[in-house]
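Okay, here's what each chain looks like letter by letter:
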Amino acid sequence: MAAYVVNRINRMSQTADKIIKTGNLEERLEIDSSWDDLSSLSFVFNHMLDTIEDSVNNIKSVTDSIAHDLRTPLSRLRNTLEKIDDPQLREETTQEADNLLNMFNSLLRISGIETTKQKEGFTQCELNAIALDVIELYQPLAEERDIHLSSELAPIVMQADPNLLFQAIANILDNAIKYSKDGGRVEMELSETTTHITIAVRDNGIGVSEEDIVNLDRRFYRADRSRTSKGNGLGLSLVSAIIKLHNGQLWFVHDPLMQGHGLGVVCSLRK
Ligand SMILES: Nc1ncnc2c1ncn2[C@@H]1O[C@H](COP(=O)(O)OP(=O)(O)O)[C@@H](O)[C@H]1O
Ligand SMILES: [Mg+2]
């Protein structure tokens, strides 16, 4: 009898643990046919999950409609701004409007990736070729600032969405270069074990503080020391959504090149 109860409690705690780790609010506790205290606890717990899931979905849909519905008036406003005679003022205001439009588009893109369950863009692709394309895209920018960009890419074939992975790697590399000092170092490494594929990008740039490191993939989050660079704080939220779609996890590491500063970004994808 005791073993039976312990077993049921263990299963309940495993489900709760899974919900916390994956953030998947669709999970529910199984309800035993015997109408005892544990079943009624599961019932209450599931009811609580129903309510939380509803609220989260509501918030998501309100946020999405705001982003969606504000795009049209903003585009109209932008077109009106183009009629300003003063060229400098015209340039500045349309630029701001473009930034806002980009933000709304990014928000909707992130939300779209988070809510798709089907992996329709997935095909067999060469991860090293995608990573190399990103490096080639950023090489001129790195050279301009005398940043040494190096890579070690193992040949890796996997089921993935190549366009999304390109965007994820590009966002990470963009940050590594943007938040590096001139003459700095950026390294990309692609490797695999029997169970995981790892994409790691490290730099010896300005890095982030202990308090900031846990918040980096939150929407709009920008650490104080990077406020002077251009950006909207949505890049890593997009990366995080893409990595989750690929059954992966995103980690941030302090001082990855052991030079007292800089940031490492590690994506670990389960095979
Ligand atoms: N390689 C890096 N070095 C230092 N800080 C970084 C790095 N990558 C990201 N960050 C920090 O994380 C924040 C969020 O990154 P991101 O979502 O790409 O936004 P953005 O680049 O638009 O500011 C950045 O504003 C910056 O504070
Ligand atoms: Mg960025």
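Residues numbered from 1 in each chain as written. Chains lettered and ligands numbered in written order. Predicted model: local features only at pLDDT ≥ 70, side-chain atom pairs only at ≥ 80, totals over all residues. Heavy atoms only, no water.

Asker: Even after reading the chapter, I still don't get the domain arrangement of the chain, so can you show me in this structure?
Answerer: Reports often express the size of an interface as the amount of accessible area lost when the parts come together. By the assigned domains, the chain splits into domain 1 (1-116) and domain 2 (123-270). Domain 1 and domain 2 are separated by 24 Å when their C-alpha centres are compared. Listed by partner, the interface residues are 9 residues for domain 1 and 11 residues for domain 2. Counting across the interface, domain 1 meets domain 2 through 1 salt bridge. The partner of Glu 114 in a salt bridge is Arg 219, with the nearest N and O atoms 2.9 Å apart. (Domains from an automatic or database assignment. Contact = heavy atoms within 4.5 Å. Salt bridge = Lys/Arg side-chain N within 4 Å of Asp/Glu carboxyl O.)

Asker: Looking at this structure, how should I read the side chain of Thr 15?
Answerer: Looking at the secondary structure, you find Thr 15 in helix H1 (residues 2-22). Looking at Thr 15, its side chain comes within polar contact range of the main-chain oxygen of Arg 11, at 3.0 Å. (Helix = DSSP H or I, 4+ residues; strand = E, 2+ residues; numbered from the N terminus. Polar contact = N/O pair within 3.5 Å; in protein donor to acceptor, adjacent residues only side chain to side chain.)

Asker: Can you help me understand a nonpolar patch on the surface in this one?
Answerer: There is a patch of nonpolar side chains on the surface, built from Ile 31, Trp 35, Phe 43 and Val 44 and spanning about 460 Å² of accessible area. Structurally, Ile 31 can be placed in the loop between H1 and helix H2 (37-81). What makes Ile 31 partly exposed here is its relative accessible area of 40%. (Patch = residues over 30% accessible without salt bridge, like charges linked within 9 Å, V, L, I, M, F, W, Y side chains within 5 Å. Areas by Shrake-Rupley, 256 points an atom, 1.4 Å probe, with all protein chains shown as cover. Buried < 20%, exposed > 50% of the residue type's maximum accessible area, 1.4 Å probe, protein only.)

Asker: Which parts of the structure should I look at to understand the nonpolar core?
Answerer: Soluble globular proteins: nonpolar side chains tend toward being buried together. Among the nonpolar cores identified, the biggest contains 55 residues, and Leu 127, Leu 173, Ile 177, Val 186 and Phe 252 are the most heavily contacted of them. No other element matches the 9 residues that helix H5 (residues 162-178) contributes to this core. Taken together, domain 1 (1-116) and domain 2 (123-270) each give at least three residues to this core, which thus spans both. If near-sequence neighbours (up to four positions away) are discounted, Ile 177 is found in contact with Tyr 138, Leu 141, Ala 142, Arg 145, Ile 147, Leu 149 and Val 186. (Core = buried A, V, L, I, M, F, W, Y, C linked by side-chain atoms within 4.5 Å.)

Asker: Any chance you could explain the pattern of salt bridges here in plain terms?
Answerer: Opposite charge on two side chains permits them to pair, given that their charged atoms come into close proximity. For the structure on display, the rule yields 15 salt bridges. Between Glu 187 and Arg 202 there is a salt bridge, and its shortest N-O distance comes to 3.3 Å. Of this pair, Glu 187 sits in strand E4 (residues 185-192) while Arg 202 sits in strand E5 (residues 196-203), placing them 15 residues apart in sequence. With a relative accessible area of 18%, Glu 187 lands in the buried category.

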